[in-house]
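What follows is each chain in one-letter form.
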Amino acid sequence: LSIFPAEVLNPIILYVGLVVCVEALEITPARHWPAFLVALVPGFFNWAQQVASDFAAAVCDQGVLVDGSVVASGTCAVSARSNDAWTLSPTLVAVRTFGKGYILTSIVWAAMVVYIADRKFGMAAAWSVIAAALSSCGLVHAEVVFLPWHPEGDAAYHWEIVGGYLLTAGFLLVIELAQRFNKGPNQEETVAAKEVDEEDVSTRNPSLTDNSERV
């Protein structure tokens, strides 16, 4: 890595990432595309947190400007990389919270959106409960793993997050019950929607159809 500068490697990594995203969308039904986009959100939060920390640390390292001259280099009221710095604003708390454990968060959020798109609200509610369980012990939205009744680090808001996921699960269960006992989509509509999506995928990627015919 010391041979190749970051300015050379970063565009290559970006290009590979874009190619992978395009390939993923080609084999994904159109109704699941929102899940793909939602899964990227926690990663953006994590990136924003790192950039904000680096920016604040760089500003603090420059010192304080007094009478046109820089004095007291590196003296900020709050350390830019400490947990206290992220509690100064609710916006900062949200950025840090949703950026922690972003890989698991992306998986859970994507699964929820997929089942919502398929109108399987009961399964989406189950994934929301899983998210609440993960949040209660710091596997997501926290820096360290802890017992639910003994939060550590910057996990002071973990009960609020758990409650949010549980409320979401309850709302999805209400929709599931309403769908079952009232005017939910019948089986023919669901099958028809699935056939349309499969036809759309085969149209966008003819190689999949050719391979299936060969088999």
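Shown above is the structure to which this text applies.
Because the structure is a prediction, the values reported are computed rather than measured.

Chemist: Any chance you could break down the overall build of the chain for me, citing the residues and the numbers?
Modeler: Across its full length, the chain holds eight helices and two strands. Counted from the first residue to the last, the chain has its helices and strands arranged as α-α-β-β-α-α-α-α-α-α. For the chain, the exposed surface amounts to about 14100 Å²; the carbon and sulfur share of it is 68%.

Chemist: Residue-level account of the packing of helix α5 (residues 121-136) against helix α6 (residues 158-181), with values.
Modeler: Working note: a packed helix pair is described by the angle between its axes plus the distance between those axes. The geometry of α5 relative to α6 is characterised by a closest axis approach of 8 Å and an angle of 170 degrees between their N-to-C directions. The angle between the axes of α5 and α6 places the two elements in the roughly antiparallel class. On the side of α5, the interface is formed by F121, G122, A124, A125, S128, V129, A131, A132, S135 and S136, while α6 contributes H158, I161, V162, Y165, L166, T168, A169, L172, L173, I175, E176 and Q179. Looking at the contact of α5 with α6 residue by residue, the class counts come to 14 nonpolar, seven polar and one charged.

Chemist: Could you give an account of the environment of W47, with specific residues and numbers?
Modeler: Residue placement: W47 occurs in helix α2 (residues 33-61). On the basis of relative accessible area, W47 is assigned to the exposed category, the value being 55%.

Chemist: Can you lay out the nonpolar core for me, pointing to particular residues and giving the numbers?
Modeler: Counting 15 residues, the largest nonpolar core has V108, Y165 and L172 as the members making the most contacts within it. Tallying contributions element by element places α5 first for this core, with six residues. Not counting chain neighbours up to four residues away, the residues in contact with L172 comprise M112, I116, F121, A124 and A125.

Chemist: I'd like a description of the packing of aromatic side chains, backed by residues and values.
Modeler: Here the structure, examined in full by the defined rule, presents two aromatic pairs. For the ring pair F45 and F98, a centre distance of 5.7 Å and an interplane angle of 40 degrees mean the geometry is tilted. Here F45, found in helix α2, pairs with F98, found in helix α3 (residues 90-99); they are 53 residues apart in sequence, far enough to count as distant. Here a set of aromatic residues connected by ring pairs shows up, and it is made of F45, F98 and W109.

Chemist: Summarise the pattern of salt bridges; cite the residues concerned and give the values.
Modeler: In the structure shown here, the tally under the stated rule is two salt bridges. Of the charged contacts in the structure, one is a salt bridge between R31 and D118, with a shortest N-O distance of 2.5 Å. In this pair, R31 is assigned in the loop between α1 (6-26) and α2 and D118 in the loop between α4 (102-117) and α5, connecting sequence segments 87 residues apart. Taking relative accessible area as the criterion, D118 reaches 18% and is therefore assigned buried. With its nearest N and O atoms 2.8 Å apart, the salt bridge here joins E176 to R180. Of this pair, E176 and R180 both sit in helix α6, separated by four residues, roughly a single helical turn. Take R180: its relative accessible area is 61%, and that puts it in the exposed class.

Chemist: Residue-level account of unusual backbone geometry, with values.
Modeler: Unlike most non-glycine residues, R119 shows phi in positive territory, near 65 degrees. Take R119: it is sitting in the loop between α4 and α5. Look at H141: it is not a glycine, yet its phi comes out positive at around 65 degrees. If you trace the backbone, H141 turns up in the loop between α5 and α6. What makes H141 buried here is its relative accessible area of 6%.

Chemist: Account for the environment of P148, naming residues and giving values.
Modeler: Inspection of the secondary structure assignment puts P148 in the loop between α5 and α6. Placed 15 residues apart in sequence, P148 and A133 show a C-alpha to C-alpha distance of 9.0 Å. Here P148 is in contact with S136, H158 and W159, once residues within four sequence places are set aside.

Chemist: Account for the side chain of S136, with residues named and values stated.
Modeler: Inspection of the secondary structure assignment puts S136 in helix α5. A relative accessible area of 12% means that S136 is categorised as buried. There is a polar contact of 2.7 Å between the side chain of S136 and the backbone oxygen of A133.

Chemist: How would you sum up α3? Please name residues and give values.
Modeler: Taken as a whole, α3 has its buried residues at V93, V95, R96, T97 and G99. On its buried face, α3 sits against α2, α4 and α6.

What counts and how
- Residues numbered from 1 in each chain as written.
- Predicted model: local features only at pLDDT ≥ 70, side-chain atom pairs only at ≥ 80, totals over all residues.
- Heavy atoms only, no water.
- Helix = DSSP H or I, 4+ residues; strand = E, 2+ residues; numbered from the N terminus.
- Areas by Shrake-Rupley, 256 points an atom, 1.4 Å probe, with all protein chains shown as cover.
- Axes fitted to C-alpha atoms, helices over the stretch in contact; angles between N-to-C directions.
- Parallel < 35°, antiparallel > 145°, perpendicular 65-115°, else oblique.
- Contact = heavy atoms within 4.5 Å.
- Nonpolar A, V, L, I, M, F, W, Y, C, P; charged D, E, K, R; others polar.
- Buried < 20%, exposed > 50% of the residue type's maximum accessible area, 1.4 Å probe, protein only.
- Core = buried A, V, L, I, M, F, W, Y, C linked by side-chain atoms within 4.5 Å.
- Phe/Tyr/Trp six-rings, centres within 6.5 Å; stacked < 30°, edge-to-face > 60°.
- Salt bridge = Lys/Arg side-chain N within 4 Å of Asp/Glu carboxyl O.
- Polar contact = N/O pair within 3.5 Å; in protein donor to acceptor, adjacent residues only side chain to side chain.

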